Amino acid sequence: MTDGSYTVAVCGATGTVGREIVKILEQRSFPVRQLYLFASKRSQGEKIEFRDDDLSVRELTKSSFDGVDLALFSAGGDVSKKYAPKAAEAGAVVIDNTSAFRLDDDVPLVVPEVNPEDIAEYTARRIIANPNCSTIQMVVALKPLEDAVGIERVVVSTYQSVSGAGRSGISELEQQSIGLFNLKEIHTDRFAHQIAFNCLPHIDTFQPDGYTFEEHKMIHETRKILHRPQLRVSATCVRVPVFYGHAESVNVETRKKLTAKRARQLLQEAPGVKVVDEPSSNLYPTQIQTAGLDETQVGRIREDASLDNGLDMWIVADNIRKGAALNAVQIAEILVSKYC
């Protein structure tokens, strides 16, 4: 990595997030000297366009990383656990989009608008973790409030689109919706129950304490990113019949009183945030409106009627873009501009 351009590998390139990473690398003119696309053996030979060229997808193997400077992983936790250390050993810096390394003490967990300085810690294992999609958009909105007055407690309920479950989740909602309109039998495979025209308070596996693993991710990742290991956080994660975009109802208890007006000002000035909050004109963020956008949108900002130092917010972002692919590329941009 000496001439200002980089050999980049995208692992899981044929998945929803992998394809978006390739697209964003081009859109943001990331200095790619050579791009390698890796996936499972069954995807070998598929073509993905990059800079007006059709690149062939290769099978991911332990020897795939010779000469690679930067490896962006989005192929599932098991794949990351097996191959990310191999990439690091070969000399690449890994940016991993799975939960495989997020809570490891020696792996930085980064949202560029919140804790970019943590990227410097990548040298311990040459791995940087990308947080959970729902965590990313929430901490982008929490950061300016934390800096201004401090946060004591966060209670979040999510409304997460099926694209968070990958291509199989999108396909299942499509097929079930078509089937219902055509009076055909509905088949359930990716989700525990019918997702079409339904809401499921169940994302990832249930844990012994009654929370799901997705909810645990939001709790523990938020603490790590904000450097607040004792921060009180509670989450309920719900899958909804929306194709793209995650929405969150977030209740925040602050250390000092913060008016809705001041919170709105802080959020308007925060990087990566767009305030859409004119309820008298029916203006507030929705998942359809944020699809394909980079920013996290925040609306319905109001003071909690039941708590002196409480605020309520409605936070929406594109889970495939800011919640995954864009965040990873932003990490890469900082990495190569400041640390490599």
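Above this text is the structure in question.
Quick caveat: nothing in here was measured; it's all calculated off a predicted structure. (Residues numbered from 1 in each chain as written. Predicted model: local features only at pLDDT ≥ 70, side-chain atom pairs only at ≥ 80, totals over all residues. Heavy atoms only, no water.)

What follows concerns the environment of isoleucine 315. Mapped onto the elements of the fold, isoleucine 315 is located in strand 13 (residues 310–317). When the C-alpha atoms of isoleucine 315 and threonine 286 are compared, they prove to be 8.8 Å apart, with 29 residues separating the residues in sequence. With residues near it in sequence (within four places) discarded, isoleucine 315 still touches Gln137, Met138, Ala141, His246, Ala247, Glu248, Val250, Thr296, Gln297 and Val298. (Helix = DSSP H or I, 4+ residues; strand = E, 2+ residues; numbered from the N terminus. Contact = heavy atoms within 4.5 Å.)

The contact between helix 3 (residues 133–149) and helix 8 (residues 321–339) brings their axes to 8 Å, and the two run at 85°. Classified by the angle between their axes, helix 3 and helix 8 sit roughly perpendicular to one another. Touching Cys133, Ile136 and Val140 of helix 3 are Lys322, Gly323, Ala324 and Asn327, all from helix 8. A breakdown of the residues in the contact of helix 3 with helix 8 according to their chemical character gives four nonpolar, two polar and one charged. (Axes fitted to C-alpha atoms, helices over the stretch in contact; angles between N-to-C directions. Parallel < 35°, antiparallel > 145°, perpendicular 65-115°, else oblique. Nonpolar A, V, L, I, M, F, W, Y, C, P; charged D, E, K, R; others polar.)

Before going further, it helps to spend a moment on the sheet that holds strand 3 (residues 47–50). Pairing is mixed in the open sheet, where seven strands are placed in the order 3-4-2-1-5-6-7. Each end of this open sheet is capped by a strand with a single partner; those strands are strand 3 and strand 7 (127–129). Between one strand axis and the next, the sheet turns by 25° as a mean value, whatever way the strands run. Sheet analysis places strand 5 (residues 70–73) next to strand 6 (residues 93–96), joined by four bridges and oriented parallel. Bridging across to strand 6, phenylalanine 73 finds its partner in aspartate 96. Seen against the sheet, helix 2 (residues 77–89) touches strand 5, strand 6 and strand 7 and runs at an angle of roughly 175° to strand 5. Strands in contact with helix 8 are strand 1 (6–11), strand 5, strand 6 and strand 7; relative to strand 6, the strand with the most contacts, it is inclined by about 155°. (Pairing = 2+ DSSP bridges.)

Moving on to the packing of helix 1 (residues 16–27) against helix 8. Relative orientation of the contacting elements helix 1 and helix 8 amounts to 50°, with a least axis distance of 9 Å. The angle between helix 1 and helix 8 falls in the class oblique. When the axes of helix 1 and helix 8 are compared, the crossing they make is right-handed. Counted together, Val17, Glu20, Ile21, Ile24, Leu25 and Gln27 of helix 1 and Arg321, Ala324, Ala325, Leu326 and Val329 of helix 8 form the full contact between these two elements. For the contact of helix 1 with helix 8, a count of residues per class yields eight nonpolar, one polar and two charged. (Left-handed = near helix turned anticlockwise from the far one by under 90°.)

We now examine a nonpolar patch on the surface. On the surface, Leu180, Phe181 and Phe197 cluster together to form a nonpolar patch covering roughly 360 Å² of accessible area. When its relative accessible area of 57% is taken as the criterion, phenylalanine 197 is described as exposed. (Patch = residues over 30% accessible without salt bridge, like charges linked within 9 Å, V, L, I, M, F, W, Y side chains within 5 Å. Areas by Shrake-Rupley, 256 points an atom, 1.4 Å probe, with all protein chains shown as cover. Salt bridge = Lys/Arg side-chain N within 4 Å of Asp/Glu carboxyl O. Buried < 20%, exposed > 50% of the residue type's maximum accessible area, 1.4 Å probe, protein only.)

Pairing in this open sheet of six strands is mixed, and the strands run 9-8-10-13-12-11 from one edge to the other. In this open sheet, the two strands that pair with only one neighbour each are strand 9 (232–239) and strand 11 (273–275). Going from strand to strand, the sheet's axes swing by 20° on average, the running direction of each strand aside. Summarising the sheet, strand 8 (residues 151–160) and strand 9 pair through eight bridges and their orientation is parallel. Looking across to strand 9, one finds that arginine 153 is bridged to arginine 232. Sheet strands touched by helix 5 (residues 213–225): strand 8, strand 9 and strand 10 (246–254). Its angle to strand 9, the strand with the most contacts, is close to 145°. On top of the sheet, helix 6 (residues 260–269) reaches strand 11, strand 12 (296–303) and strand 13; it is set at about 165° to strand 12, its chief contact.

The subject of this paragraph is helix 5. Across its 13 residues, helix 5 extends 18 Å between first and last C-alpha, which sits within 8% of the 18 Å expected from 1.5 Å per residue. Those residues of helix 5 that fall on the buried side of the exposure criterion are Glu214, Glu215, His216, Lys217, Met218, Ile219, Glu221, Thr222 and Ile225. Taken together, the buried residues of helix 5 touch helix 3, strand 8, strand 9 and strand 10. Following helix 5 by one or two positions, histidine 227 adopts a phi angle in the positive range, close to 60°. (Expected span 1.5 Å × (residues − 1).)

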